[in-house]
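# Observations on chain architecture
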Amino acid sequence: MSREKVKTAQNAEEEQQQQPVKRRRIKAWTIIQWFLIPLLLVAALGGGLVVGYVILGKKELSDVLLWSTWKHVYDLVFAP
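Residues numbered from 1 in each chain as written. Predicted model: local features only at pLDDT ≥ 70, side-chain atom pairs only at ≥ 80, totals over all residues. Heavy atoms only, no water.

## Considering unusual backbone geometry
Operational definition: To qualify as a helix, a DSSP run of H or I must reach at least 4 residues; to qualify as a strand, a run of E must reach at least 2; elements of each kind are numbered from the N terminus.
Of note in this structure, K58 is not a glycine but carries a positive phi near 55°. Following the sequence through the fold, K58 ends up in the loop between α2 (28-56) and α3 (67-77).

Now the structure itself:
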């Protein structure tokens with residue numbers, strides 16, 4: 001009976017050595033999640049700023065990128 005245990009232990013070790021190592025592949029959806037979705041969110045934010053400020057607010061496009069513009073908007077919204 002002890003020989004059978006030794007053989008089964010050896011067989012188990014051989015099977016573990018013969019199994020190929022599974023490599024984890026990066027899927028296309030993972031790349032989309034990490035790069036394309038944040039890029040689209042930033043583009044949507046920029047588009048929303050332009051549409052809201054230029055079209056609805058009837059202001060110049062160059063004013064959208066000025067920090068003082070958005071500081072003024074923040075002060076208007078959160079003024080005491």
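Picking up after the structure, the text goes on.
## Observations concerning the pattern of salt bridges
Short version of the rule: In the sections that follow, a salt bridge refers to a side-chain nitrogen of Lys or Arg positioned within 4 Å of a carboxyl oxygen of Asp or Glu. For the exposure calls, accessible area comes from a 1.4 Å probe over protein chains only, and a residue counts as buried if that area is under 20% of its type's maximum, exposed if over 50%, partly exposed in between.
Evaluation of the coordinates by the stated rule reveals one salt bridge. The salt bridge partner of K71 is D75, with a shortest N-O separation of 3.3 Å. You can see K71 and its partner D75 sitting in helix α3, four residues apart, about one turn around the helix. Overall, the relative accessible area of 45% leaves K71 in the partly exposed class.

## As for the confidence of the model for the protein chain
Applied cut-off: Summary of the metric used: pLDDT quantifies the predictor's per-residue confidence within the range 0 to 100.
Looking at the protein chain, the pLDDT average stands at 81 and 74% of residues meet or exceed 70. Within the protein chain, α3 carries the highest mean pLDDT (91), whereas helix α1 (residues 2-18) carries the lowest (60).

## Brief notes about α2
Which entries qualify depends on this criterion: The term bend refers to the angle at a residue between two fitted axes, each drawn through seven residues, those ending there and those starting there.
Where α2 bends most, the angle comes to about 30°, and this point is W34, followed within four residues by the proline P38. Once α2 finishes, K58 follows within two positions and takes phi at roughly 55°, a positive value.

## Description of a nonpolar patch on the surface
Note the following rule: Patch membership requires over 30% relative accessible area and the absence of a salt bridge. Like charges are linked within 9 Å, and nonpolar side chains (Val, Leu, Ile, Met, Phe, Trp, Tyr) within 5 Å. Working definition of accessibility: Shrake-Rupley area with a 1.4 Å probe, residue cover restricted to the visible protein chains.
The grouping of I26, I31, W34 and F35 at the surface amounts to a nonpolar patch, some 550 Å² of accessible area in total. Structurally, F35 is set in helix α2. Using a relative accessible area of 61% as the deciding quantity, one classes F35 as exposed.

## Observations concerning the packing of aromatic side chains
Note the following rule: Within 6.5 Å between ring centres, the rings of Phe, Tyr and Trp (the latter by its six-membered ring) count as paired, and their orientation is classed by plane angle as stacked under 30 degrees, edge-to-face over 60, tilted in between.
Under the defined criterion, the tally for this structure stands at two aromatic pairs. Between the aromatic rings of Y53 and W70, the centroid separation amounts to 5.7 Å while the plane-to-plane angle is 50°, which identifies the pairing as tilted. Of the two residues, Y53 sits in helix α2 while W70 sits in helix α3, which places them 17 residues apart along the sequence. Where Y74 meets F78, the ring centres are 4.7 Å apart and the plane angle is 45°; that geometry is what we call tilted.

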